[in-house]
Amino acid sequence: MSGQQVTDNPCLETGERHKTPDILTAGSDERFFQSLYQFIEHEKLYLECPTEGPDELLYIIYRSVFNKVIGRATAYKRLLLTIKAEYDDAIRELQRREEEARETQQTLAASASHPKSLIMCQRRIDHLRDRLSALRKETAEHQEEIKKQKSIKEQSTWIPGLTVAQSKDFEALNAHLNYLEAQRDALLSRKSHCISVEVKTELDAKLHATEQLRNQLSTENVKLKGLFKCLKFVSDRLCYWRDEQQQVPLEELLGSTMENFRQSSDEDSRSINVQLFEDDEPCGVDQSKLLSGHLEKFIELFDSAQYEEAALHAARSPRGVLRNLDTMEMFKGVTTPQGSFPPLLLFFEALLLTLPAGDKLSAALSVEMVDCALQHNNTQLVNHTITHNKLTCSQVLGDILTEHAQKNSCVSDLCLALATVTYEACRLDRKTALSMCKRGLFHSTAEFISNCKDLTAEDCMWVLYHSPSLLLLQLLTESQQDQAAILSAGVVLSTLLTDPSQQELALQLLNSFVSRGQGVLEKVILEDSRSSVDDWSNIASQCSRLNHAGLSQVILSILLDQSGTRVLSPDLEGAGLIEHIFF
């Protein structure tokens, strides 16, 4: 059909076809599309295409135009190729239908003279009509299903993350709004700790420049080391020449010294062109510029949320200008997401890592470091720093460890042991004894008190009041290995019995003496040179007043035995009588 129409055109036979407008020379999109429209009109006129209805020549014209558009496109070329393929398929389908219609007409014309053939054709037509009706019905059903699914999909994604039912529920919408606000806050918080790509690129460039400078300084350092070796070698030879008063000329001595140095030195030192008599003075480093550059670098790292690098940079600052409480407060004020490593602890770890051998953190930084580590349950770091003597011990530091031990039983023993070391380093003897006593080390506590000359009886009573213990009280009031008791039993009992909160402990001590036999209590009373008869009589009266007449009688009988008198009655009247006799 296409070929027939083209050959029948008179313009083609005479060769008088006009030149088609060039649509590839357009300089802009507007000119390009204008040239397309001119091309279409020119081709339709030239090929004498019908103004209405389908025509194969029109298909050919528009296909050619479509190819030009695809050839010019860049971003949407694949999409245009897909559309063109569907366009070609539609044309072929139309051609196929026209062909079938033509064959059907020819068949009807041929069978018009044969009734039987006419009946067969009629049946075929009826069959085709039935099939067409069924196809139309199925097509309508499929289109309805597509619309339904599309509607459901649009409704289900009306609000991302919610179904249609939830989109109509006020409580569900409110909960989803709270969730989205929390997500927004989290993203904003995360964004505040991030840096842009431009800043990272700039920092990488600075880092590269720093590495180059470091390499240059390293090379210069090697040269300076060689020069130092040379100067040291010459200095030693000159000192020897002066002390020995040698007669060798100085110029000859220097020449031989330099030659010996080159022969005995390593390759790096030999490669240095040593100039000992130059007039150049050593170029010193501007310390103010060095400190300013170091501070600016620290601020850049800190502002870009590179806290680990900033901590190391601060710890390595010249003259320790950033190893102070002000820098610590900067890291302390940083808030990080839950579960991330705290920047303040990074700062303290950097301080400890760069701490010179034999040095310690200041008392204030030591307290803050221990407090921060304990808050984050990093007792291992605290144990390491205290046992390796990297912190300045103080009473506040020991109190923090003691308080943490009281609140956390799982690390109580370790914290109390570290508190003991801290108190002992500060010579806080009674707190040292108390921390040992809280760990249950009563024999060690008694030995420490016995060996410590600065602890008074009041200090021992302070320990007993803060950590009441019958075993410790026995160790302090009884003589050990022919040594006098640390505390006077009579003074201790008199003090405890007058305090309602400590009366039970005093009675337990007396019962422990009596339970081991009257001779034990008698020995304690007789060896107690720091208590008088009046003190023990008062103790007996207190026991009787507290409904412990048996203890009162035992004490009074021991006192009377020393004067050859026996107790006649365990009651209060007898006690009063005995007191009257003593007086």
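Residues numbered from 1 in each chain as written. Predicted model: local features only at pLDDT ≥ 70, side-chain atom pairs only at ≥ 80, totals over all residues. Heavy atoms only, no water.

### So, the overall build of the protein
To keep things clear, this is the line we draw: In this text, helices come from DSSP runs of H or I with a minimum length of four residues, and strands from runs of E with a minimum of two, each type numbered from the N-terminal end. Relative accessibility decides the category of a residue: with a 1.4 Å probe and only protein chains considered, values under 20% of the type maximum give buried, values over 50% give exposed, and everything between is partly exposed. Using the Shrake-Rupley algorithm and a 1.4 Å probe, accessible areas are obtained, with residue cover drawn only from the displayed protein chains.
In terms of regular secondary structure, the protein is built from 29 helices and 0 strands. Burial analysis of the protein (583 residues in total) assigns 32% to the buried set. Accessible area of the protein: about 38300 Å², with a carbon and sulfur share of 54%.

### Topic: the side chain of S531
Rules: Identification of polar contacts relies on pairs of N or O atoms within 3.5 Å, with a donor-acceptor requirement for protein atoms, meaning one able to donate a hydrogen and the other able to accept it, and with residues adjacent in sequence counted only if both atoms are side-chain atoms. Any two residues having at least one pair of non-hydrogen atoms within 4.5 Å are treated as being in contact.
With respect to the helices, strands and loops of the structure, S531 is situated in the loop between α26 (518–527) and α27 (533–545). Taking the relative accessible area as the measure of exposure, S531 reaches 12% and is therefore buried. At a separation of 2.6 Å, a polar atom in the side chain of S531 contacts the side chain of S488. A distance of 3.3 Å separates a polar atom in the side chain of S531 from the backbone nitrogen of V491. If sequence neighbours within four positions are ignored, S531 has contacts with S488, G490, V491 and W536.

### Some details on the layout of surface pockets
Which parts of space are left empty comes out when a probe the size of a water molecule is rolled across the atoms. Stated formally: Space inside and on the surface of the protein is sampled on a 1 Å grid over the protein atoms alone, with a cavity defined as a set of points where a 1.4 Å probe fits but cannot get out and a pocket as an open set with protein on both sides within 12 Å along at least 5 of 7 lines; lining residues have an atom within 4 Å of a point. Grid points are joined across faces, edges and corners, and a volume is the space filled by probe spheres set on the points. Just so you know the grouping, Ala, Val, Leu, Ile, Met, Phe, Trp, Tyr, Cys and Pro go in nonpolar, Asp, Glu, Lys and Arg go in charged, and all remaining residues, Gly too, go in polar.
Roughly 1000 Å³ of internal volume is contained in the largest pocket. Along the wall of the largest pocket there are 24 residues; nearest its centre are T210, R214, H294, K297 and H313. Sorting the residues of the lining of the largest pocket by element identifies α9 (197–244), α12 (287–303) and α13 (307–315) as the ones contributing at least two each. Broken down by class, the residue content of the lining of the largest pocket amounts to 9 nonpolar, 5 polar and 10 charged.

### Considering the confidence of the model for the protein
The test is simple: Each residue carries a pLDDT score, the predictor's own confidence in it, on a scale running from 0 to 100.
Looking at the protein, pLDDT values average 76 and 79% of them are 70 or higher. Long-range and interchain partners of residues 1–26, a stretch whose pLDDT sits below 50, account for 39 contacts in this model, where long-range means more than four residues apart. Below a pLDDT of 50 lies the segment residues 268–285, which in the model reaches 19 contacts outside its immediate sequence neighbourhood of four places, other chains included.

### Things to note about a nonpolar patch on the surface
The criterion, for reference: Residues form patches when they are more than 30% accessible in relative terms and have no salt bridge. Like charges link within 9 Å. Nonpolar side chains (Val, Leu, Ile, Met, Phe, Trp, Tyr) link within 5 Å. Every case where a carboxyl oxygen of Asp or Glu lies within 4 Å of a side-chain nitrogen of Lys or Arg is listed as a salt bridge.
Taken together, the side chains of Y76, L79 and I83 make up a nonpolar region of the molecular surface, amounting to roughly 330 Å² of accessible area. Mapped onto the secondary structure, L79 falls in helix α5 (residues 77–110).

### With respect to the environment of I400
With respect to the helices and strands, I400 occurs in helix α18 (residues 395–407). You can call I400 buried: its relative accessible area is 17%. Spatially, the C-alpha atom of I400 lies 8.3 Å from that of A419, the residues being 19 residues apart in sequence. Apart from the residues within four sequence positions on either side, I400 is in contact with V367, V370, D371 and L374.

### Some remarks on the nonpolar core
Put simply, the rule is: Among buried residues, the Ala, Val, Leu, Ile, Met, Phe, Trp, Tyr and Cys ones that are joined through side-chain atoms within 4.5 Å form a nonpolar core.
Counting 44 residues, the largest nonpolar core has F331, F347, F348, M369, V370, V382 and L401 as the members making the most contacts within it. Secondary-structure elements contributing two or more residues to this core are α12, α13, α14 (325–332), α15 (343–353), α16 (363–375), α17 (379–387), α18 and α19 (412–425). Per-element tally for this core: the top contributor is α15, with 8 residues. Residues in contact with V370, not counting those within four places in the same chain, are V382, L391, L397, I400 and L401.

### Concerning the packing of α15 against α16
To keep things clear, this is the line we draw: Only C-alpha atoms enter the line fits that serve as axes; for helices the fit covers just the stretch in contact. Angles between N-to-C directions range over 0 to 180 degrees. The labels follow the angle: roughly parallel below 35 degrees, roughly antiparallel above 145, roughly perpendicular from 65 to 115, and oblique for the rest. If you view the pair so one helix is near and one far, a crossing is left-handed when the near helix is turned anticlockwise from the far one by less than a right angle, and right-handed when it is turned clockwise.
Here α15 crosses α16 at 130°, and the two axes come no closer than 10 Å. Between α15 and α16, the angle falls in the class oblique. Note that α15 runs across α16; the crossing there is left-handed. Where α15 approaches α16, its residues L344, L345, F348, L351 and L352 are matched on the opposing element by L365, E368, M369, C372 and A373. For the contact of α15 with α16, the class distribution of residues is 9 nonpolar, no polar and 1 charged.

### Some details on the state of the cysteines
Rules: Disulfide assignment relies on a single distance test, namely cysteine sulfur atoms paired within 2.5 Å.
Applying the stated criterion across every chain yields a total of 0 disulfides. You can see C410 has no disulfide; the closest cysteine sulfur is in C415, sitting 8.5 Å from it. Here C426 stays unpaired: no disulfide links it, and the sulfur of C393, its closest cysteine neighbor, is 5.3 Å away. The partly exposed category is assigned to C426, whose relative accessible area is 26%.

### Examining the packing of aromatic side chains
In this description, an aromatic ring pair is defined by two values, namely the gap between the centres and the angle between the planes. The following threshold applies: Centres within 6.5 Å are what make two rings of Phe, Tyr or Trp a pair, Trp counting through its six-membered ring; a difference in plane orientation under 30 degrees is then read as stacked, over 60 as edge-to-face, and the rest as tilted. Throughout this description, the term charge over a ring refers to an Arg CZ or Lys NZ atom that lies within 6 Å of the ring centre and within 35 degrees of the ring normal.
Tallied over the full model, the rule gives 7 aromatic pairs. Measuring from ring centre to ring centre gives 5.1 Å for F331 and F347, while their planes differ by 15°; the resulting arrangement is stacked. One end of the pair, F331, is in helix α14; the other, F347, is in helix α15, and 16 residues separate them in sequence. F347 carries the same exposure label as F331, and that label is buried. Geometrically, the ring pair formed by F347 and F348 is tilted, given 5.9 Å between the ring centres and 50° between the ring planes. Classification of F348 as buried rests on a relative accessible area of 0%. Here a set of aromatic residues connected by ring pairs shows up, and it is made of F298, F302, Y307, F331, F347 and F348. In this arrangement the basic side chain of R72 is found over the ring face of F32, its NZ or CZ atom lying 4.5 Å from the centre. We note R430 situated over the ring of W462; from NZ or CZ to the ring centre the distance is 4.3 Å.

### A closer look at α19
Using the following cut-off: A helix's residues, less one, multiplied by 1.5 Å, set its expected span.
Taking 1.5 Å as the rise per residue, α19 with 14 residues should run 20 Å; its terminal C-alpha atoms sit 20 Å apart, in good agreement. Looking only at α19, the buried set comprises S412, C415, L416, A417, L418, A419, T420, T422 and Y423. Each element contacted by the buried residues of α19 is listed here: α16, α17, α18 and α20 (429–438). At the C-terminal side of α19, R427 shows a positive phi close to 60°.

### A look at the pattern of salt bridges
Counted under the stated rule, the structure contains 10 salt bridges. Two residues, K206 and E300, come together in a salt bridge whose shortest N-O distance is 2.9 Å. With K206 in helix α9 and E300 in helix α12, this residue pair connects regions lying 94 residues apart in the sequence. For K206, a relative accessible area of 31% puts it in the partly exposed group. Residue class for E300 comes out partly exposed when judged on its relative accessible area of 29%. Sharing partners across several salt bridges, the network here consists of E202, K206 and E300.

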